[in-house]
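# Coordinate analysis (summary)
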Amino acid sequence: MCIEYNGQLFFIVQFQHVKPGKGAAFVRTKLKNVSTGKVIDNTFNAGVKVNEARVERRPHQFLYNDDMGYHFMNAETFEQIPIEESLIDNTGLLKEGMEVEVLYHADTETPLMVNLPTTVAFEVTYTEPGVRGDTSSTNSLKQATVETGATIMVPLFINTGDKIKIDTRDNSYVERVK
């Protein structure tokens, strides 16, 4: 949910409704500022009215990036728009032709954020070979570079040329793709 608070737009990252035995109920929240990306803690008392900002999700395709920003094409109207890097999480996992969602503020028609798919599959372009018996623990990781140039921590059995699935929310290895 996106709300207007103190004249700025915030996404609610996390919330918890608290009803103590004594006193009025309240809601603890973590709010992410759309323009700065900064996350703040805030407590709302019961009954406080907040203005919900209308946000639209529109499908776009990533085209390329240059000194003007990252360029996306609307999948419905074929209009091309540049978006600055600060509005995109994990730019290292963007690949030309990738389908993404761009969130727009419905009233002002300004892009707020670019959401990558939850998981993406990439080929490993370079990783050190893992040698059996290298470790004493079962969950050892090594660095691997994928085709976009991003570096991901992967298990020892992953080799150069393997396709792997990556979680874009935290840049973590999910599984090997057949």
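How each quantity is defined
- Residues numbered from 1 in each chain as written.
- Predicted model: local features only at pLDDT ≥ 70, side-chain atom pairs only at ≥ 80, totals over all residues.
- Heavy atoms only, no water.
- Helix = DSSP H or I, 4+ residues; strand = E, 2+ residues; numbered from the N terminus.
- Buried < 20%, exposed > 50% of the residue type's maximum accessible area, 1.4 Å probe, protein only.
- Core = buried A, V, L, I, M, F, W, Y, C linked by side-chain atoms within 4.5 Å.
- Contact = heavy atoms within 4.5 Å.
- Pairing = 2+ DSSP bridges.
- Polar contact = N/O pair within 3.5 Å; in protein donor to acceptor, adjacent residues only side chain to side chain.
- Salt bridge = Lys/Arg side-chain N within 4 Å of Asp/Glu carboxyl O.
- Axes fitted to C-alpha atoms, helices over the stretch in contact; angles between N-to-C directions.

This part takes up unusual backbone geometry. For Asn 6, which is not glycine, the phi torsion reads 55° and is therefore positive. Relative to the assigned elements, Asn 6 resides in the loop between strand S1 (2-5) and strand S2 (8-18). Residue class for Asn 6 comes out exposed when judged on its relative accessible area of 66%. Despite not being glycine, Glu 109 shows a phi value in the positive range, around 60°.

This brings us to the nonpolar core. The biggest cluster of nonpolar side chains holds 27 residues, and the ones touching the most others in it are Phe 72 and Leu 94. Leaving out residues up to four positions away in the same chain, Phe 72 has contacts with His 60, Gln 61, Phe 62, Leu 63, Glu 79, Gln 80, Ile 81, Ile 83, Ile 88, Leu 94, Val 100 and Val 114. Counting residues in hydrophobic clusters, the runner-up holds eight residues, among them Leu 9, Phe 11, Val 34 and Met 113.

Let's shift gears to the sheet that holds strand S4 (residues 39-45). One open sheet accounts for five strands, arranged S4-S3-S2-S1-S5; its pairing is antiparallel. Two strands in the sheet have a free side with no partner beyond their single neighbour: S4 and strand S5 (51-52). Two strands pair when backbone bridges link them, and strand S3 (residues 26-33) and S4 are joined in this way by seven bridges, in the antiparallel orientation. Counterpart to Thr 29 in the pairing with S4 is Asn 42.

Summarising the sheet, strand S11 (residues 119-127) and strand S14 (residues 163-167) pair through five bridges and their orientation is antiparallel. From the neighbouring strand, Thr 119 faces S14, where its bridge partner is Asp 167. Summarising the sheet, S14 and strand S15 (residues 172-177) pair through five bridges and their orientation is antiparallel. Pairing of Lys 165 across the sheet is with Glu 175, part of S15. What sits between the antiparallel neighbours S14 and S15 is a turn of four residues, in which Asn 171 has the positive phi angle 55°.

In this section: the pairing of S11. Here is the key point about a regular strand: its side chains alternate between the two faces of the sheet. Bridge count for S11 against strand S12 (residues 141-146) is three bridges, and the pairing is antiparallel. Bridging from a neighbouring strand, Val 124 pairs with Val 146 of S12.

This brings us to the side chain of Asp 162. With respect to the helices and strands, Asp 162 occurs in the loop between strand S13 (151-155) and S14. Within polar-contact distance, the side chain of Asp 162 engages the backbone nitrogen of Asn 159 at 2.9 Å. Setting aside chain neighbours within four positions, we find Asp 162 in contact with Phe 122, Glu 123, Val 124, Phe 157 and Arg 176.

Now for the pattern of salt bridges. Pairs can form between side chains of opposite charge once their charged atoms are near each other. With the rule as written, the count across this model stands at 11 salt bridges. For Arg 58, the salt bridge identified is with Glu 109, shortest N-O distance 3.0 Å. Here Glu 109 lies in the loop between strand S9 (99-105) and strand S10 (110-115) and Arg 58 lies in strand S6 (residues 55-66), a separation of 51 residues in the sequence. Arg 58 gets classed as buried once you look at its relative accessible area, which sits at 16%.

It is worth spelling out the sheet that holds strand S7 (residues 69-74) at this point. Read across the sheet, five strands follow the order S8-S7-S6-S9-S10 without closing on themselves; strand pairing throughout is antiparallel. Lying at the two open borders of the sheet, with one neighbouring strand each, are strand S8 (80-83) and S10. Taken over all neighbouring pairs, the strand axes of this sheet differ in orientation by 45° on average, direction set aside. Pairing analysis gives seven bridges linking S6 to S9, with the strands arranged antiparallel. For His 60, the partnering residue across the bridge sits in S9 and is Val 100.

When you line up the elements, Leu 112 lands in strand S10. The sequence separation of Leu 112 and Glu 56 amounts to 56 residues, and the corresponding C-alpha distance is 9.8 Å. If we ignore the near neighbours within four places in the chain, the residues touching Leu 112 are Leu 9, Phe 11, Val 34, Val 55, Leu 87, Leu 103, Tyr 104 and His 105.

These figures come from the coordinates and say nothing about function on their own.
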